Amino acid sequence: PRRAPCMLSHMPRRILTAALTCLLTATAAAPASAAVVGFFDGHAAQEAILSEMALHPTAIDVDGTTVIAYQGVGFDPYVCSYDAANDAWDGPYRVGTNLLSLDAHGAPALFRDSLGRLHALHGAHNGPLGHSVAPGTARLDSWSSLSVVDTAATYPQPLEMGGGEVLLYHRGRGYDWFERNASGECTTFSAPRAVLKADQENRWYADFRNAPDGTVHAAFVRVSVAEYEQWGFARHDVYHMRRAPDGSWAAADGTPLTLPVDRAEADAHCRILDTGSDWANEVSVKTDAAGRPLVLALTGFGAGPRAFSWRLLRWDGAAWRSSEITSADHFFDSGALRVCEDGSLEAFLVYGESDAAGGAPGDCRGRGGTIGRFTSDDEGVTW
């Protein structure tokens, strides 16, 4: 819950179990008189959510109620809610129909409009981006479908900017990334504005987040198309840029950027870690109490113990600093960073040895393992 201190021990166990594992393998949630179970849906998709980098938010806190979105039966989008005051779950409820065919990339993302209504964007992987709306968090059992946001989109990342404005970032066909905006009831979005430009040799995976001061931060990695064809998942380097409230974009040091940012401009002004022949993945960006960006990234190459390293890249106002949090053995191990109210940091990371050995570096088999909580009280210097 939003009001709880930033300590794992204070988090309701059922939220923690559901959010961290998504191993939802039993029957539907039992009534209060029956045995307590560690899940809120017994028939969710194998990949109920995507990684922190790709698609968010998958959960929203509203006045003590946490609404969680995920993929259920047939990869259709579902929501449920947890009332912290009464320690009670509501749902799950189906939001709409997955517009894909058993494709986990269509997981839902949530946002609220100026009327407090809940919206879900779902079901897109280079295809139509579905849009559904509910009357509010008190009526999650009733959803209406709106017009698709885009006919060829992937990875929706809606950001509530205050004053009823919502900025939506998503990847489009051709691997460019776009920005749209909506306001009021948010039934429609503006025409897309290109932010990141792909080409025949380079593509991007990006994570967009908004800070309390109205700034939007983006962390992204570069895909080498040639290596992608060889390995399947070749990604390099870590980049950062930021959007001021007036809509202008710049590097962390204030260097103005011209949209859409291409490989040459990104390398010249936005690259915060040159990985060389190593790979980079699972990047996500948050801000500290001073508004400075913090970028979580997984870097390395190969497979096996310590093949990869979880790193925090932090802007100290003059330069980017890097520290290792822990090691991992798979390119697709996942993680998330949280900035606590007291200024300390929490990183929830998949680390150590995987459940099963994978094949080539780009092989998804073997991902996963132990989920650990790592903390830092010195702005990420030590963990």
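Relevant structure appears above.
Residues numbered from 1 in each chain as written. Predicted model: local features only at pLDDT ≥ 70, side-chain atom pairs only at ≥ 80, totals over all residues. Heavy atoms only, no water.

Engineer: Help me understand the sheet that holds strand E25 (residues 370–376) in this model?
Structural biologist: Within a sheet, neighbouring strands are paired by backbone hydrogen bonds and run either parallel or antiparallel to one another. Read across the open sheet, the 3 strands follow the order E23-E24-E25; overall the sheet is antiparallel. Pairing within the sheet leaves two strands with one partner each, and these edge strands are strand E23 (335–339) and E25. Each strand of the sheet is rotated relative to its neighbour by a mean of 15°, with strand direction disregarded. Of the pairings in the sheet, the one linking strand E24 (residues 345–351) to E25 comprises 7 bridges and is antiparallel in character. Within the sheet, the bridge partner assigned to Leu 345 lies in E25 and is Ser 376. (Pairing = 2+ DSSP bridges. Helix = DSSP H or I, 4+ residues; strand = E, 2+ residues; numbered from the N terminus. Axes fitted to C-alpha atoms, helices over the stretch in contact; angles between N-to-C directions.)

Engineer: I tried to follow the side chain of Arg 209 on my own but got confused; where do I start?
Structural biologist: Here Arg 209 shows up in strand E14 (residues 202–210). Looking at Arg 209, the relative accessible area reads 15%, which means it is buried. At 3.4 Å, the side chain of Arg 209 and the side chain of His 56 are in polar contact. A distance of 3.1 Å separates the side chain of Arg 209 from the side chain of Asp 207, its partner in a polar contact. Contact partners of Arg 209, with chain neighbours within four places excluded, come to Glu 52, His 56, Leu 159, Thr 215, Val 216, His 217, Ser 284, Val 285 and Lys 286. (Buried < 20%, exposed > 50% of the residue type's maximum accessible area, 1.4 Å probe, protein only. Polar contact = N/O pair within 3.5 Å; in protein donor to acceptor, adjacent residues only side chain to side chain. Contact = heavy atoms within 4.5 Å.)

Engineer: I tried to follow the sheet that holds strand E8 (residues 130–134) on my own but got confused; where do I start?
Structural biologist: Taken together, 4 strands build an open sheet; the order of strands is E5-E6-E8-E9 and the sheet is antiparallel. Each edge of the open sheet is held by one strand with a lone partner, namely strand E5 (109–112) and strand E9 (144–146). Strand-to-strand, the axes of this sheet are offset by a mean angle of 30°, without reference to chain direction. Of the strand pairs in this sheet, E5 and strand E6 (residues 118–122) are connected by 4 bridges, and their pairing is antiparallel. The residue of E6 that forms the bridge with Arg 112 is Leu 118.

Engineer: Even after reading the chapter, I still don't get the nonpolar core, so can you show me in this structure?
Structural biologist: One recurring pattern in soluble globular proteins: nonpolar side chains tend to sit buried together. Counting residues in hydrophobic clusters, the biggest one holds 47 residues, and the most contacted among them are Phe 208, Phe 220, Met 241 and Trp 249. At 6 residues, strand E15 (residues 216–224) tops the list of elements feeding residues into this core. By size, the runner-up hydrophobic cluster in this structure holds 18 residues, among which are Leu 312, Leu 345, Ala 347 and Phe 374. (Core = buried A, V, L, I, M, F, W, Y, C linked by side-chain atoms within 4.5 Å.)

Engineer: For this particular structure, what's the right way to read helix H3 (residues 263–270)?
Structural biologist: It helps to recall that an α-helix has 3.6 residues per turn; residues three or four apart then point in one direction. Every buried residue of H3 is accounted for by Glu 265, Ala 266 and Cys 270. Buried residues of H3 fall within an arc of 100° about the axis and therefore sit on the same side. The exposed set on the far side of H3, more than 90 degrees from its buried face, consists of Ala 264 and Ala 268. Buried positions along H3 lie against E14, E15, strand E16 (235–243) and strand E18 (271–273). (Arc of directions from axis to C-beta.)

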